[in-house]
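One-letter residues, chain by chain:
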Amino acid sequence: MRPRLVLLVLVNVLTLLAFLAWRERYLTKESLLQMMDERLKAVFSPDREVSTAADAVPSNFTGRASFASMICMEGDFIPVRTLVHSLQQTATNADIVVVVMIPLDDEKRDQLTKLGAKLVDTEPIKVEIDESQTSAAEKQLEKEATDKDKSEDPKRRRMCRSNAIQAWRLTQWDRVLYMHPEMLAVGNIDDVFQEPPFTATLELGGIVDDSIMLVEPNMDIYSELKRAMVKAEHLPHDVGFLNYFFKDIHPLNPVYNVKATYQTLDYSRYVFGNARVFNYEGTMKPWNFWHQGPKNWRQSFHEDMIYQWRKAEYSAREKLGMDKDLLEWRPKRGSKEVCEDYLAKKLDIPEKIMDKYSVLLATHSLRRQATLPFVIKQFLMSPKVDKIFVIWHDKNQPVSKNIRDLVNEAQGSVIILNQTVDSLNNRFNPVKELRTAAVLISDDDVWTPIDDIDMAFESWQRQPDSLVGFAPRVDCYDPSSETIKYCWPFRMKPPRYSIMLTKLMFMDSNFLFLWRCGLPDNILKYVDDLVNCEDIAMNFLISGVTNRPPFHIMSEEVYDFGLDGGISSNPAHFKVRGKCVQEITDLFGRNTLLSVQGSVHRYSETDFKSTTWEDFLNVLKEKEAYGEQLEVVDVMSPEDIVQNDI
């Protein structure tokens, strides 16, 4: 008995000594939280101003400094290329290194070099991922991402995340500021090099967020980190892993690591107002959101973050001599003026109105000015309408007197939006005066009872991720040409639809911004050149982001009185739109459309018919679709069933 007691005491003593040694070497969670709390109090003090590179506090560091990011997956190239260009645009004095871990062709290498990057080739550290450490929610998100993009490998992505420790290998430089591939510099951040290594932003609970971290390269530290990571001695991923290795962690101001999810925080105005670096990891990606939208897409995108990345990407492409067909189009018909005016003047409201909707009413033809007041007054009848915005496409045609009089009578409920260019893209421009979550896109030549429109709004409120409207169409596959076509729903067996026309269509107003300021210009130019198919492309966008099909509202009265001169009156219209579906699929990278069969209509009493079994069978025999069911009845009669039960 005594030897066992002695052994137990010895084990306890050794455990205590090991704990004391660990406590001496590594930072405890309590001390980290205390340090973080003190730092955040200083960071978010109302009197504190964020320094710029010009007025940064001088330090003794005068060595070689470098930014570093990595290309570990094929999907990293475009965001890294844009990150490199954004850093160069800030007039940085530091080098920019890209650690390349996959085969990269000469054209892509040349692009990165032209933008000012130095390439370092290496093999990735292969880490065995412990699936037991991955929650069911994480696995579900990974499955959804893989379903949307077959090239996305969740395990590879997690393995790549662990390779952030490659920054410690870059011993050619004295200090390295590692930046995650999905980041963008929106201001000069050379002042971070004056911070003491190891510096990083901290997540809730004091956990190191390795998206951006200042390190002092050292092969001994790298070897120790690699050995521990490969053997999984601590954590399977390096988020939180680094807390175990560094006693002195210096928190970095969150403005150097701004994420879209920060919008919900109390200090969001400060963070976004002083942002130096945007981080798109785990949020809506500006480079592929139209077919990779996250499940919580509303919380994971920020308008300025989307636009700033898109603007930087255009600038990088122009510097590389790309997009020559768009260089002349962008200044005349592009989105810069529209988007920057909207971002500068949009309403500053905490939340959009949910129980009302806005109307975007597009008009162009002089012939419609006689009927336009009738359509406007129809919408003014609804108590659910907040404001009506009339998109006046023709810049050369002044607003007629009868329309001006109606605007004055409406006392602010009707607003004319004059356009500088005539483009179908205008009908999806973001509107700075818009206050509602829902927007009704409407033509000026369609009428349906206002009660039906309000019922459609109620349906949208229950499924705000879907397009909700009155005029469905469907995409269909043509095996003879091996292309996707544009078809009528009733010709499908069973009838189904995947597209909702913009004649009368409810959607989330966020998609106005995503259309004009988020989508690549080649999609907008396609609509401009064709003068058609903007509604099909919008369906691709919304289904791609939300992974939801449209929703049809059945109305007994829908009148289209624009068949005399409208775009759809052209005999070649249907054929053109058939070609559109395939070409838009190519532009978006995949067919994002989703089909559905159901519709919503006003309540009516269900006709329950009382009948005998024999009469019911006679009714079924008249319906060819139930042939297989009737075969079962022929095999076994009701008398047989009763006999078998006995």
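Residues numbered from 1 in each chain as written. Predicted model: local features only at pLDDT ≥ 70, side-chain atom pairs only at ≥ 80, totals over all residues. Heavy atoms only, no water.

1. So, the overall build of the protein
Just so we agree on the cut-off: Here a strand is any run of E in DSSP of at least two residues, a helix any run of H or I of at least four, and the numbering for each starts at the N terminus. Whether two residues are in contact is decided by their heavy atoms, any of which lying within 4.5 Å being enough. For every accessible area listed, the method is Shrake-Rupley and the probe measures 1.4 Å; residues are considered covered only by the protein chains on display.
Helices and strands together make up the secondary structure of the protein, namely 23 helices and 23 strands. Sequence-distant contacts in the protein: of pairs separated by 6 or more residues, those separated by 24 or more amount to 79%. About 32,900 Å² of surface is accessible on the protein, with carbon and sulfur atoms providing 53% of the total.

2. Concerning the packing of aromatic side chains
Each aromatic ring pair is described using two quantities: the centre-to-centre distance and the angle formed by the ring planes. For the record, the criterion: Two rings belonging to Phe, Tyr or Trp (six-membered ring only in the last case) form a pair when the distance between their centres is within 6.5 Å. Interplanar angles under 30 degrees mark stacking, angles over 60 mark edge-to-face geometry, and anything in between is tilted. Geometrically, a lysine NZ or arginine CZ counts as sitting over a ring once it is within 6 Å of the ring centre and also within 35 degrees of the ring normal.
Tallied over the entire structure, the rule returns 19 aromatic pairs. With a centroid separation of 4.9 Å and 50 degrees between ring planes, the pair formed by Tyr357 and Phe457 is classed as tilted. Placement of the pair is Tyr357 in strand β11 (residues 353–363) and Phe457 in helix α16 (residues 450–462), with a sequence separation of 100 residues. Taken together, Phe278, Tyr280, Trp287 and Trp309 form an aromatic cluster joined through their ring pairs. In this arrangement the basic side chain of Lys108 is found over the ring face of Phe77, its NZ or CZ atom lying 5.2 Å from the centre.

3. As for the confidence of the model for the protein
The line we're drawing: Known as pLDDT, the predictor's confidence for each residue is given on a scale from 0 to 100.
Scored by pLDDT, the protein comes out at a mean of 83, with 79% of its residues at no less than 70. In this model residues 233–238 is a low-confidence stretch, pLDDT under 50, and it forms 20 contacts with partners more than four residues away in sequence or in other chains.

4. Thoughts on the environment of Val99
Along the chain, Val99 turns up in strand β2 (residues 95–100). In sequence terms Val99 and Ser69 are 30 residues apart; their C-alpha atoms lie 6.2 Å from each other.

5. Considering the layout of surface pockets
The cut-off we apply is this: Put simply, the grid is 1 Å and covers the protein atoms alone, a cavity is a trapped set of points that fit a 1.4 Å probe, a pocket is an open set with protein on both sides within 12 Å along at least five of seven lines, and lining residues have an atom within 4 Å of a point. Grid points are joined across faces, edges and corners, and a volume is the space filled by probe spheres set on the points.
Approximately 1,400 Å³ is the volume attributed to the second largest pocket. If you go around the second largest pocket, you meet 35 residues; those closest to its centre are Gln263, His302, Lys346, Ile349 and Pro350. Those elements that place two or more of their residues in the lining of the second largest pocket are α8 (268–273), α10 (303–319), α13 (336–345) and α17 (510–518). Top contributing element to the lining of the second largest pocket by residue count: α8, with 4 residues.

6. Topic: the pairing of strand β14 (residues 436–442)
Here is the rule we go by: Burial status follows relative accessibility: with a 1.4 Å probe on protein chains alone, a residue under 20% of its type maximum counts as buried, one over 50% as exposed, and anything between as partly exposed. Strands qualify as paired when DSSP identifies two bridges or more between them.
With respect to burial, β14 is a largely interior element, 7 of its 7 residues being buried. Taken together, the 6 bridges between β11 and β14 define a ladder with parallel strand orientation. Across the sheet, Val359 pairs through a bridge with Leu440, a residue of β14.

7. Regarding the state of the cysteines
Short version of the rule: Any pair of cysteine sulfurs within 2.5 Å is marked as a disulfide.
Considering all chains together, one arrives at 4 disulfides under this definition. Linked covalently through their sulfurs, Cys339 and Cys517 form a disulfide whose S-S length is 2.0 Å. Note on the Cys339 and Cys517 pair: the S-S dihedral is about -105 degrees, so by sign convention the disulfide is left-handed. Of this pair, Cys339 sits in helix α13 while Cys517 sits in helix α17, and the two are 178 residues apart along the sequence. Residue classification places Cys517 among the buried positions, given a relative accessible area of 2%. Between the sulfur of Cys533 and that of Cys580 lies a disulfide, 1.8 Å long from S to S. Residues Cys533 and Cys580 share a disulfide whose torsion about the S-S bond is about 90 degrees; that sign makes it right-handed.

8. Focus on the pattern of salt bridges
Using the following cut-off: Take a side-chain nitrogen of Lys or Arg and a carboxyl oxygen of Asp or Glu: if they are within 4 Å of each other, that pair is a salt bridge.
Counted according to the given criterion, the structure contains 35 salt bridges. The partner of Arg317 in a salt bridge is Glu313, with the nearest N and O atoms 3.7 Å apart. Here Glu313 and Arg317 lie together in helix α10, a separation of 4 residues that amounts to about one turn. Glu313 shares its class with Arg317; the two are buried. Taking the shortest distance from any N to any O, the salt bridge between Lys401 and Asp405 comes out at 2.8 Å. Of this pair, Lys401 and Asp405 both sit in helix α15 (residues 401–410), separated by 4 residues, roughly a single helical turn. The exposure class assigned to Lys401 is exposed, which follows from its relative accessible area of 54%. The network of salt bridges with shared partners includes Arg81, Arg310, Glu313, Arg317, Glu318, Asp323, Arg330 and Asp521.

9. Things to note about the side chain of Asp535
Here is the rule we go by: Here a polar contact is recorded for every N or O atom pair within 3.5 Å, except that within protein the pair must consist of a potential hydrogen donor and a potential acceptor, and residues adjacent in sequence are included only if both atoms are side-chain atoms.
Mapped onto the fold, Asp535 is located in helix α19 (residues 534–546). At 2.9 Å, the side chain of Asp535 and the side chain of Arg577 are in polar contact. Setting aside residues no more than four positions away along its own chain, Asp535 makes contact with Leu501, Thr502 and Arg577.

10. Focus on the nonpolar core
Put simply, the test is: What we call a nonpolar core is a set of buried Ala, Val, Leu, Ile, Met, Phe, Trp, Tyr and Cys residues that are connected through their side-chain atoms within 4.5 Å.
Of all hydrophobic cores here, the largest spans 89 residues; its most connected members are Tyr357, Phe379, Met507 and Leu541. The leading source of residues in this core is α19, at 7 residues. Among all residues touching Phe379, those that are not within four sequence positions of it are Val359, Leu361, Val385, Ile388, Leu440, Ser442, Ile450, Ile453 and Leu504. By size, the runner-up hydrophobic cluster in this structure holds 47 residues, among which are Ala94, Ile189, Val255 and Trp309.

11. Some details on unusual backbone geometry
For the bond running from Pro197 to Phe198, omega is 0 degrees, close enough to zero to count as cis. Mapped onto the secondary structure, Phe198 falls in the loop between β5 (183–185) and β6 (199–202). Between Lys493 and Pro494 the backbone carries a cis peptide bond, its omega angle lying at -10 degrees. Along the polypeptide, Pro494 turns up in the loop between β18 (483–487) and β19 (499–500). Residue Gln411 is not a glycine yet carries a positive backbone phi of 55 degrees. Following the sequence through the fold, Gln411 ends up in the loop between α15 and β13 (414–418). Its identity is not glycine, yet Asn547 carries a phi of approximately 60 degrees, on the positive side. Relative to the elements of secondary structure, Asn547 occurs in the loop between α19 and β21 (551–553). Given the relative accessible area of 39%, Asn547 is considered partly exposed.

12. Brief notes about α17
For α17, the buried fraction is high: 9 of the 9 residues fall into the buried class. Regarding α17, the residues found buried are Asn510, Phe511, Leu512, Phe513, Leu514, Trp515, Arg516, Cys517 and Gly518.

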